[in-house]
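For reference, the chains in residue letters:
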Amino acid sequence: QVQLVESGGGLVQAGGSLTLSCAASGSTYMIDDMAWYRQAPGKQRELVARVTSSGNTNYADSVKGRFTIVRNNARHATYLQMGSLRPEDTAVYYCAADQWRSGVSSRYETFWGKGTQVTVSS
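Rules behind the numbers
- Residues numbered from 1 in each chain as written.
- Predicted model: local features only at pLDDT ≥ 70, side-chain atom pairs only at ≥ 80, totals over all residues.
- Heavy atoms only, no water.
- Helix = DSSP H or I, 4+ residues; strand = E, 2+ residues; numbered from the N terminus.
- Contact = heavy atoms within 4.5 Å.
- Polar contact = N/O pair within 3.5 Å; in protein donor to acceptor, adjacent residues only side chain to side chain.
- Buried < 20%, exposed > 50% of the residue type's maximum accessible area, 1.4 Å probe, protein only.
- Pairing = 2+ DSSP bridges.

What is the right way to look at the environment of Thr-110 in this model?
Within the secondary structure layout, Thr-110 lies in strand 10 (residues 107–112). With 68 residues separating them along the chain, Thr-110 and Gly-42 place their C-alpha atoms 23 Å apart. With residues up to four places along the chain from it excluded, the contact list for Thr-110 reads Ala-96, Ala-97 and Asp-98. Among the polar contacts made by the side chain of Thr-110, one reaches the side chain of Asp-98 at a distance of 2.6 Å.

How should the environment of Cys-22 be read in this particular structure?
As for its position among the elements, Cys-22 is in strand 3 (residues 18–26). Through-space distance from the C-alpha of Cys-22 to that of Tyr-79 is 6.1 Å; in sequence the pair is 57 residues apart. Sequence-distant contacts of Cys-22, that is, excluding residues within four places in its chain, are made with Leu-4, Val-5, Glu-6, Met-34, Trp-36, His-76, Ala-77, Thr-78 and Cys-95.

So what exactly am I meant to see when it comes to the side chain of Arg-66 here?
With respect to the element layout, Arg-66 can be found in the loop between strand 6 (57–59) and strand 7 (67–72). Judged by its relative accessible area of 12%, Arg-66 is buried. Here the side chain of Arg-66 touches Ser-84 through a polar contact of 3.0 Å, landing on its backbone oxygen.

So what exactly am I meant to see when it comes to the pairing of strand 3 here?
Within a regular strand, side chains alternate between the sheet's two faces. Pairing of strand 1 (residues 2–7) with strand 3 involves six bridges; the strand directions are antiparallel. From the neighbouring strand, Glu-6 faces strand 3, where its bridge partner is Cys-22. Here six bridges tie strand 3 to strand 8 (residues 77–82), and the two strands are oriented antiparallel to one another. Looking at strand 8, one finds that Cys-22 is bridged to Thr-78.

Interpretation in functional terms is not warranted from these geometric data alone.
Quick look at the structure:
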């Protein structure tokens, strides 16, 4: 079982910066992609950024050029560096990790953190 713990959320003014951290622990073997999602009030959870084990990344169009996802494989950690923050970035941000599960029903299983609140004031 993989446990994910996010940290770094808080209140920031529009135009400011904030970095979120996610640390994985427990059974961390064969973790593949790690990602950040967010869910704003009244909205569905959406992918913000994803990074593969080899360092390839992709971003939601709304955050391209402003956010950067980084990972440290040795430490089983991922970070979301957020800049030029806007009020519409206000959301609960969740860390996610995909782990390959071997066996009769081999598949990826996604594990989630509990989330950290980011509030951007106007």
